[in-house]
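# Structural overview for review
What follows is the residue order along each chain.
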Amino acid sequence: MNPTAVVLLSGGLDSATVAAQAIADGNTVIALSFNYGQSHARELLAAKQIAAHLGIQDHFIMDVNLAKWGGSALTDTAVAMPLNGVQSNVIPVTYVPGRNTVFIAIALSLAEAKNAVAIYLGINAVDYSGYPDCRPDYLEAYQQLARLSSKAGLEGNAPTLVAPLVNDSKADIVRRAVQLGVPIAQTWSCYQGDTVPCGLCDSCRIRDRALIEAGFADLATLIGKQLYSACFEP
């Protein structure tokens, strides 16, 4: 019987790739997504499509409304979405206070209830280095918390936090996604939440550059809201 792993599945490229990796690693995957009041709730449709494509039977979508207090361009309409490109060594206003901390805590609860041996996370420290909750030392600290905070942990069975993409470049993630058969065109990374990616927000810019660098320019969203290919399946 395959071990069980919980995967945080946002619907974006990184999380979809991690879900496919968890399956390739021999796990039975339980997907966990969040409706947290994000401007790009369109990603939840992508999460459902990806889970279906990968054959994931159990998919939980939790309501955790972080928009009640805002503090981010993704959860507060009073904060302008940055459209001028990624700034080096600056925590962007798209950072959502406590988001990963909250999400992983709920994933730990689900993992313990389902006897999961691992929680797979799509966090990446290379392209999103400004986010404090996407760093390896953050993961190490949270792993220690997982050992201390639960019955499973006290019994020596705390789930392992697995972040296979944490040190990958975005182009490397694209290449891994293609190798794993991830339906890239079904993923959603845009922060704007429109019917097609905006091509202007930080997430679109990073994704587009990575697709071009990896040799898949035909999948890149372009400034001007063009999508080269909406039906690509690797």
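Since we're looking at a predicted model, the values are computed, not measured. (Residues numbered from 1 in each chain as written. Predicted model: local features only at pLDDT ≥ 70, side-chain atom pairs only at ≥ 80, totals over all residues. Heavy atoms only, no water.)

Orientation of helix 3 (residues 99-113) relative to helix 4 (residues 136-148), taken along the N-to-C sense of each, is 35 degrees, at an axis distance of 12 Å. Once helix 3 is placed against helix 4, the crossing between them reads as right-handed. Listed contacts from helix 4 to N100, T101, I104, A105 and L108 of helix 3 are Y138, Y142 and A146. (Axes fitted to C-alpha atoms, helices over the stretch in contact; angles between N-to-C directions. Helix = DSSP H or I, 4+ residues; strand = E, 2+ residues; numbered from the N terminus. Left-handed = near helix turned anticlockwise from the far one by under 90°. Contact = heavy atoms within 4.5 Å.)

One ladder, built from six bridges, connects strand 2 (residues 28-35) with strand 3 (residues 58-63); its direction is parallel. Bridging from a neighbouring strand, L32 pairs with F60 of strand 3. In the classification by handedness, the crossover that spans strand 2, the intervening helix 2 (residues 43-53) and the parallel strand 3 is right-handed. (Pairing = 2+ DSSP bridges. Right-handed = clockwise from strand over helix to strand, strands pointing away.)

What follows concerns unusual backbone geometry. Positive phi values are uncommon outside glycine, yet N115 reaches one of about 55 degrees. In this fold, N115 is placed in the loop between helix 3 and strand 4 (118-120). With a relative accessible area of 65%, N115 lands in the exposed category. (Buried < 20%, exposed > 50% of the residue type's maximum accessible area, 1.4 Å probe, protein only.)

Turning our eyes to something else, we now look at the nonpolar core. Judged by nonpolar contacts, the single largest core of 69 residues is most densely connected at V6, L8, I104, I119, L121 and V174. Aside from chain neighbours lying at most four places away, what touches L8 is S15, L32, F34, F103, I104, A107, Y120 and L121. (Core = buried A, V, L, I, M, F, W, Y, C linked by side-chain atoms within 4.5 Å.)

So, on to the sheet that holds strand 3. In spatial order, the strands read 3-2-1-4-5; together these five strands make up an open sheet with parallel pairing. In this open sheet, the two edge strands, each paired with only one partner strand, are strand 3 and strand 5 (160-162). On average, each strand axis in the sheet is tilted by 25 degrees relative to the strand beside it, whichever way the strands run. Of the strand pairs in this sheet, strand 4 and strand 5 are connected by three bridges, and their pairing is parallel.

Where the model shows low pLDDT, its predicted coordinates should not be examined in detail. Across the protein chain, pLDDT averages 89, with 92% of residues at or above 70. Contacts from residues 221-234, a stretch scored under 50 in pLDDT, to residues over four places away or in other chains number 41 contacts. (pLDDT = per-residue confidence, 0-100.)

With that out of the way, let us pick up the pairing of strand 1 (residues 4-8). Counting buried residues along strand 1, five of its five residues qualify, which places the element largely inside the surrounding structure. Burial of the side chains of strand 1 extends over both faces: T4, V6 and L8 are buried on one face and A5 and V7 on the other. Relative to strand 2, strand 1 runs parallel, the two being bridged by five bridges. Opposite T4, over in strand 2, you have T28 as the bridge partner. In the classification by handedness, the crossover that spans strand 1, the intervening helix 1 (residues 13-24) and the parallel strand 2 is right-handed.

Orientation of helix 6 (residues 170-180) relative to helix 7 (residues 202-213), taken along the N-to-C sense of each, is 65 degrees, at an axis distance of 8 Å. With respect to helix 7, the axis of helix 6 lies roughly perpendicular. Judged by the sense of rotation from one axis to the other, the crossing of helix 6 with helix 7 is right-handed. Of the residues in helix 7, those in contact with K170, A171, V174 and R175 of helix 6 are I206, A210, L211 and E213. Looking at the contact of helix 6 with helix 7 residue by residue, the class counts come to five nonpolar, no polar and three charged. (Parallel < 35°, antiparallel > 145°, perpendicular 65-115°, else oblique. Nonpolar A, V, L, I, M, F, W, Y, C, P; charged D, E, K, R; others polar.)

With that out of the way, let us pick up the pattern of salt bridges. Taken as a whole and judged by the stated rule, the model has six salt bridges. Ionic pairing is found between D14 and K170, a salt bridge with its closest N-O pair at 2.8 Å. Here K170 lies in helix 6 and D14 lies in helix 1, a separation of 156 residues in the sequence. Here D14 matches K170 in class, with each residue buried. The shortest N-O distance in the salt bridge between D137 and R135 comes to 3.2 Å. Relative accessible area serves as the criterion here: at 42%, D137 is assigned to the partly exposed category. (Salt bridge = Lys/Arg side-chain N within 4 Å of Asp/Glu carboxyl O.)

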